[in-house]
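# Close look at the chain arrangement
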Amino acid sequence: MTQLPVEADWDRAPSVLQGARTLELTAQQCALPYWFEHVAGTMLRRLADGSVADAGPTEAVRRPGPLREALVDEFTFRHLAEEKATRALSFLVYHAPGRDCLEFFATQLVDEARHARAFRDHLLRVNVSEEELAAEVARTAATSAATVLDPLEEFGLRVLRDQGDFHGGVLVLTVLVEGILAPAAELSERKWRPLDPSAALVERGANMDEIRHLAVGSSVVRQYLTERPGERPRLLEIIEEGRRLWEKLPMAEVLFRRETLFQQGLAEHGHLVGDYEIWPGRRLVDTGVEERMEAADRWSRETQDARLAYMLLDGAAR
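The following paragraphs examine the structure supplied in this document.

## Quick notes on the side chain of His115
Tracing the sequence through the fold places His115 in helix H5 (residues 99-125). Given the relative accessible area of 3%, His115 is considered buried. Within the structure, the side chain of His115 is placed 3.2 Å from the side chain of Glu112, a separation counted as a polar contact.

Here is the structure:
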């Protein structure tokens, strides 16, 4: 039996922060045979057969209150973000320059569609009815998605769809979408673990996929620039334009509202958390809104810088 790669092993996979910064994988390594054997055949099968325990949502998030509101706000946003990523990836598949890239980004498209469903399905498990869920998704689409996700999507589609720029599109997804949102997902996985282990499991599964996506996307750009160093100024211009756009988006307000609700829920259900540490030496119950937001922002900057350096694009202006 083939040894299971560490990044696809529920028991051994690194955190998204560690994996996104250090893991090296290529499209050739992670094409369809890899996905069928290690993702569908092992990672997802273990989740489906119950060998990866899922205790289900806790009562703390099943009943109305700020903790449930924080979860609904976050997971509807993630659901929409994953749906948009799925649609954008169709253009990467279309413009893929070779079989390995075509197969890998086809698997990533399926992964993002799976994530969108997983976030949606978890909301149904915390007693959000189909009618309520439709209303929540519409509300999120009209507020958070309209102000954050839509401008990012428009920028990405201009590069991918309108310009047909495969490597520019890989860069946008790797740095400006997953490179920014993955550290926030790491925070989410950590903070939900004692309050809704089932939600943390959804995040854990998605994060294991994102590690692979970030690693392969980075390697695709690195190989491209190794072979065509003259393309570096053009890709730097894309990333700098994207960063300028990101700085204008009200993501901090979205996170502040969400973390404020979470903080209220944490005060109400602190007995479930006990001495659980969100990171070494720091108990979750002792953290505040700003501290968690600052950690996610710092992780995002560090992850982006590490990935850009690996892609031979270090020095991109902020």
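## Notes on the packing of aromatic side chains
Scanning the model with the defined rule gives 6 aromatic pairs in all. With 6.0 Å between their ring centres and 85° between their planes, Trp279 and Trp299 make a pair best called edge-to-face. Of this pair, Trp279 sits in strand S1 (residues 277-279) while Trp299 sits in helix H12 (residues 289-310); the two residues are 20 residues apart in sequence, bridging distant segments of the chain. Given the relative accessible area of 16%, Trp279 is considered buried. On the basis of relative accessible area, Trp299 is assigned to the buried category, the value being 7%. An aromatic cluster of three or more residues is present, and its members are Phe104, Phe105 and Phe166. It is Arg258 that lies over the ring of Phe77; its NZ or CZ is 5.2 Å from the centre.

## Section: helix H2 (residues 32-48)
Because the α-helix completes a turn every 3.6 residues, residues three or four places apart line up on one side. With 17 residues, H2 ought to run about 24 Å at 1.5 Å a step, yet its terminal C-alpha atoms sit only 20 Å apart, falling short of that. Along H2, the helix axis deviates most sharply at Val39, where the bend reaches about 30°. Those residues of H2 lying buried are Tyr34, Trp35, His38, Val39, Thr42 and Met43. One or two positions beyond H2, positive phi appears at Gly50, with a value near 90°.

## Re the environment of Glu154
Locating Glu154 in the fold gives a position in helix H7 (residues 144-162). By relative accessible area, which is 60% here, Glu154 ends up exposed. On a C-alpha basis, the gap between Glu154 and Ala88 in space is 9.9 Å, while along the polypeptide they are 66 residues apart.

## Observations regarding the environment of Ala113
Locating Ala113 in the fold gives a position in helix H5. Take Ala113: its relative accessible area is 34%, and that puts it in the partly exposed class. Along the chain, Ala113 and Val172 lie 59 residues apart, while their C-alpha atoms are 19 Å from each other.

## Concerning the packing of helix H4 (residues 66-95) against helix H11 (residues 251-268)
As a packed pair, H4 and H11 sit with axes 7 Å apart at the nearest point and diverge in direction by 150°. With respect to H11, the axis of H4 lies roughly antiparallel. Between H4 and H11 lies a crossing whose hand is left-handed. Listed contacts from H11 to Pro66, Leu67, Glu69, Ala70, Asp73, Glu74 and Phe77 of H4 are Met251, Arg257, Arg258, Leu261, Phe262, Gln264, Gly265, Leu266 and Glu268. For the contact of H4 with H11, the residue count by class is 8 nonpolar, 2 polar and 6 charged.

## Digging into the state of the cysteines
Under the definition given, this model contains 0 disulfides. Between Cys30, a free cysteine, and Cys101, which holds the nearest cysteine sulfur, the sulfur-to-sulfur gap is 11 Å. A relative accessible area of 1% means that Cys30 is categorised as buried.

## Observations regarding the pattern of salt bridges
Per the counting criterion, the structure on display carries 33 salt bridges. Residue Asp165 is joined to Arg234 by a salt bridge in which the shortest nitrogen-to-oxygen separation is 2.4 Å. In this pair, Asp165 is assigned in the loop between H7 and helix H8 (166-192) and Arg234 in helix H10 (residues 232-248), connecting sequence segments 69 residues apart. For Asp165, a relative accessible area of 10% puts it in the buried group. For Arg234, a relative accessible area of 29% corresponds to the partly exposed category. Connected through salt bridges with shared partners, the residues Asp9, Asp11, Arg12 and Arg46 form a single ionic network.

## Comments concerning the nonpolar core
Counting 101 residues, the largest nonpolar core has Phe105, Trp192 and Leu313 as its most contacted members. Ranked by the residues each element gives to this core, the list is headed by helix H9 (residues 197-227), at 14 residues.

Thresholds applied
Residues numbered from 1 in each chain as written. Predicted model: local features only at pLDDT ≥ 70, side-chain atom pairs only at ≥ 80, totals over all residues. Heavy atoms only, no water. Helix = DSSP H or I, 4+ residues; strand = E, 2+ residues; numbered from the N terminus. Buried < 20%, exposed > 50% of the residue type's maximum accessible area, 1.4 Å probe, protein only. Polar contact = N/O pair within 3.5 Å; in protein donor to acceptor, adjacent residues only side chain to side chain. Phe/Tyr/Trp six-rings, centres within 6.5 Å; stacked < 30°, edge-to-face > 60°. Lys NZ or Arg CZ within 6 Å of the ring centre and 35° of its normal. Expected span 1.5 Å × (residues − 1). Bend = angle between axes of the 7 residues up to and from the residue. Axes fitted to C-alpha atoms, helices over the stretch in contact; angles between N-to-C directions. Parallel < 35°, antiparallel > 145°, perpendicular 65-115°, else oblique. Left-handed = near helix turned anticlockwise from the far one by under 90°. Contact = heavy atoms within 4.5 Å. Nonpolar A, V, L, I, M, F, W, Y, C, P; charged D, E, K, R; others polar. Disulfide = S-S within 2.5 Å. Salt bridge = Lys/Arg side-chain N within 4 Å of Asp/Glu carboxyl O. Core = buried A, V, L, I, M, F, W, Y, C linked by side-chain atoms within 4.5 Å.

No statement about biological role is implied by the geometric values presented.
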